[in-house]
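Spelled out from the first residue to the last, the chains are:
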Amino acid sequence: MKTALGSVAFISLGCPKNLIDSETMLGSIAAEGFVVTPDYHDADVVVINTCGFLGASRQESLDHIQAMLDLKDKGDVKRVVVAGCMVGNYRDVLDKEVPGVDALLSVNDRTRLSDVLRELSGSGELARSIAISDPDERGSVYDDRARLRITPRHYAYLRISEGCDHKCSFCTIPSIRGRFRSKPREQIIQEATELAADGARELIIVAQDSTYYGLDSEGRKSVHEVLADLTTVHGIDWIRLMYAYPTQVTDELIELLATEPKLLGYIDMPLQHISSEVLRRMRRGSTRETTTRLLEKMRERIPGLTLRSTFIVGFPGETEEQFNELLDFIREGHIDRAGAFPFSDEDKAASFELDGKLPPEVIEERHRRFMDVNREVLFAANEKLVGTTIEVMAEGPGQDPKYPTVARTRADAPEIDCTALLKGRHEPGTRLNARVVRSMGYDLLCEPAN
């Protein structure tokens, strides 16, 4: 299919917030008349929406950009546009490493993609250095409606805010995405209603800090009220809360998690570490004592709570004793789903100036040890589920002929958590009770309970 405006292929990298950016950009260019194609070959333009959070993610972005530039040199692609987080903070890297890019579009200028593509389509020329908005100002909150979704139809990510006001020493997000801005409640409900009408049965709530919602616009934390409003949206069965900040969780939010059936007893709350001294150097505003008190309160009040968290290992100054403190914390079962990042020494982060940096081989060895312990804890927990009945949501077809449907439990977010393999064929988005017949470690083998 061809139009006068041409065809556009898209590569989306990074976190769910970046994915929403990609979906809104795709929706806008499709509405303008550009043809969105899944095939890079013979595309008029390829857009790469980059992630710039860590060195590894930047390298992944550069690899994708270079691959598209190689196709351009062969004549298989006409133009390459780079968008997203790398453009704001790492423009110098892009200029040096991938000089053949036709246009750059910062994350704060993503609504201008149609204009950029029109200029490329019309003149064939575009200056690589386009205007980039200042992310330090409290600007508007972007409208995420009319998305062309990349996710499977039965679930969708819903962003409730932009930016971040925290000053974590390892993080560069505030300099990329700007200060925290809550999205108006009526806009959130409108977006949720649109997603439900498009087939979404599960909403996954994302932000840089979802629990900070309302502090900028209402002078109080009110994410629990937004979540309560979302439970009234027709067609939504599950609501999953991501990216809570441990110092911002309120009693009202805990109560809602404990009592609202549609709001899964699941919360993603990146703790980053458990040693009070490491947390101080990270500028997290929490200690081991405050963290464990919060977790005990949540376990006590929320039946069947699933707590997901991420950690950083090998942070500057982390001693072997402090690292072992973290391993013991994981062994004790405080966290149900965990991930870890080896510390990345980002030159634009405050942690770049810290002393006590560890050799790369020590960081990698600690990361391996963390993942080994985490795997043991997770596998033991999944083994205990054998013989129980759990609620699952079908994801789609799998590869196992005996268990042909891939599903997820209420305790598992897409892409990052475990899966359940289910007997019988079930349409994506179907909810049913299933009996766990065997644990395969990360995966559960299940059969319909009735």
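Here is a short report on the structure shown in this document. Computed from a predicted model, the values in this text were never measured in an experiment.

**What about the overall build of the chain?**
Okay, step 1: A count of helical and extended segments in the chain gives 13 helices and 18 strands.
Okay, step 2: Computed over C-alpha atoms, the radius of gyration of the chain comes to 22 Å, within 12% of the 22 Å expected from 2.2 N^0.38 for 450 residues, which places it in the range of a compact globule.
Okay, step 3: For the chain, the spread of C-alpha atoms along the three principal axes comes to 65 × 55 × 45 Å.
Okay, step 4: Buried residues in the chain amount to 54% of all 450 residues.
Okay, step 5: Partitioning the contacts of the chain with sequence separation of at least 6, the portion at a separation of at least 24 is 75%.
Okay, step 6: Of the roughly 19,000 Å² of accessible surface on the chain, a fraction of 50% belongs to carbon and sulfur atoms.

**Some words on the packing of helix 7 (residues 185-197) against helix 8 (residues 223-230)**
Okay, step 1: The geometry of helix 7 relative to helix 8 is characterised by a closest axis approach of 10 Å and an angle of 35° between their N-to-C directions. For the element pair helix 7 and helix 8, the recorded crossing hand is right-handed. Only Glu225, Val226, Asp229 and Leu230 of helix 8 make contact with helix 7, whose side of the interface consists of Arg185, Ile188, Ile189 and Ala192.
Okay, step 2: Here the residues of the contact of helix 7 with helix 8 are counted per class, giving five nonpolar, no polar and three charged.

**Concerning helix 9 (residues 251-259)**
For an α-helix the count is 3.6 residues per turn, leaving residues at separations of three or four pointing the same way.
Okay, step 1: Of the residues making up helix 9, those classed as buried are Leu253, Ile254, Leu256 and Leu257. All buried residues of helix 9 project into a common sector of 165° when viewed along the axis, lining one side.
Okay, step 2: In the core, the buried residues of helix 9 are packed alongside helix 8, strand 10 (238-241), strand 11 (263-268) and helix 11 (288-301).

**Topic: the sheet that holds strand 11**
Backbone hydrogen bonds are what pair the strands of a sheet, in a parallel or an antiparallel way.
Okay, step 1: Read from one edge to the other, the open sheet built from six strands follows the order 6-9-10-11-12-13, with strand pairing classed as parallel. One side of each edge strand has no neighbouring strand; the edge strands of this open sheet are strand 6 (155-159) and strand 13 (337-342). Across the sheet, the mean angle from the axis of one strand to that of its neighbour is 20°, orientation sign disregarded.
Okay, step 2: Direction of pairing for strand 10 relative to strand 11: parallel, over a ladder of two bridges. The residue bridging leucine 241 from the neighbouring strand is isoleucine 267, located in strand 11.
Okay, step 3: Strands strand 6 and strand 9 (202-206) of the sheet are contacted by helix 7, whose axis makes an angle of about 170° with strand 6.

**Re the layout of surface pockets**
Okay, step 1: In this structure, the second largest pocket occupies an estimated 580 Å³ of space.
Okay, step 2: Lining the second largest pocket are 30 residues, with Gly304, Leu305, Thr306, Arg410 and Ala411 positioned closest to its centre.
Okay, step 3: Only helix 9, strand 11, helix 13 (360-383) and strand 14 (389-397) provide two or more residues apiece to the lining of the second largest pocket.
Okay, step 4: Here the lining of the second largest pocket is composed, by residue class, of 17 nonpolar, seven polar and six charged.

**Describing empty space enclosed by the protein**
Okay, step 1: Summed over the entire model, instances satisfying the criterion amount to one cavity of 30 Å³ or more.
Okay, step 2: In this structure, the largest cavity spans a volume of roughly 40 Å³.
Okay, step 3: Of all the elements in the fold, those that place two or more residues in the lining of the largest cavity are helix 1 (16-32), strand 4 (79-84) and strand 5 (103-106).
Okay, step 4: Element by element, the count of residues in the lining of the largest cavity is highest for helix 1, at three residues.
Okay, step 5: Tallied by class, the residues present in the lining of the largest cavity amount to four nonpolar, four polar and two charged.

**Let's talk about the sheet that holds strand 14**
Okay, step 1: Around the barrel, which closes on itself, the five strands sit in the order 14-15-16-18-17 with mixed pairing between neighbours. Direction aside, neighbouring strands of the sheet carry axes that sit 50° apart on average.
Okay, step 2: The pairing of strand 17 (residues 431-439) with strand 18 (residues 443-448) spans five bridges and is antiparallel. Its bridge partner being in strand 18, serine 439 is matched across the sheet by leucine 444.

**Description of the pairing of strand 16 (residues 419-422)**
The side chains of a regular strand alternate, residue by residue, between the two faces of the sheet.
Okay, step 1: Sheet analysis places strand 15 (residues 405-409) next to strand 16, joined by three bridges and oriented antiparallel. Bridged to alanine 407 within strand 16 is alanine 420.

**Overview of the pattern of salt bridges**
Okay, step 1: Enumeration according to the criterion identifies 47 salt bridges in this entry.
Okay, step 2: With a closest N to O distance of 2.6 Å, glutamate 32 and arginine 118 form a salt bridge. One end of the pair, glutamate 32, is in helix 1; the other, arginine 118, is in helix 5 (residues 113-123), and 86 residues separate them in sequence.
Okay, step 3: We note a salt bridge from arginine 366 to glutamate 320, for which the minimum N-O separation is 3.3 Å. Here the residue arginine 366 occupies a position in helix 13, and glutamate 320 occupies one in helix 12 (residues 320-331), the gap between them amounting to 46 residues.
Okay, step 4: Looking at glutamate 320, the relative accessible area reads 34%, which means it is partly exposed.
Okay, step 5: Here the residues in one salt-bridge network are Asp21, Arg110, Asp144, Arg159, Glu162, Arg177, Lys183 and Glu191, joined through shared partners.

**Some thoughts on unusual backbone geometry**
Okay, step 1: Residue tyrosine 243 is not a glycine yet carries a positive backbone phi of 60°.
Okay, step 2: Along the polypeptide, tyrosine 243 turns up in the loop between strand 10 and helix 9.
Okay, step 3: With a relative accessible area of 18%, tyrosine 243 lands in the buried category.
Okay, step 4: In the Ramachandran plot, glutamine 272 falls in the positive-phi region, its phi being about 75° despite a non-glycine side chain.
Okay, step 5: Tracing the backbone shows glutamine 272 in the loop between strand 11 and helix 10 (276-282).
Okay, step 6: For glutamine 272, a relative accessible area of 9% puts it in the buried group.

Procedures and definitions
- Residues numbered from 1 in each chain as written.
- Predicted model: local features only at pLDDT ≥ 70, side-chain atom pairs only at ≥ 80, totals over all residues.
- Heavy atoms only, no water.
- Helix = DSSP H or I, 4+ residues; strand = E, 2+ residues; numbered from the N terminus.
- Rg over C-alpha atoms; globule rule 2.2 N^0.38 Å.
- Buried < 20%, exposed > 50% of the residue type's maximum accessible area, 1.4 Å probe, protein only.
- Contact = heavy atoms within 4.5 Å.
- Areas by Shrake-Rupley, 256 points an atom, 1.4 Å probe, with all protein chains shown as cover.
- Axes fitted to C-alpha atoms, helices over the stretch in contact; angles between N-to-C directions.
- Left-handed = near helix turned anticlockwise from the far one by under 90°.
- Nonpolar A, V, L, I, M, F, W, Y, C, P; charged D, E, K, R; others polar.
- Arc of directions from axis to C-beta.
- Pairing = 2+ DSSP bridges.
- 1 Å grid on protein atoms, 1.4 Å probe; cavity = no way out; pocket = protein on both sides within 12 Å on 5 of 7 lines; lining within 4 Å.
- Points joined across faces, edges and corners; volume = space filled by probe spheres on them.
- Salt bridge = Lys/Arg side-chain N within 4 Å of Asp/Glu carboxyl O.

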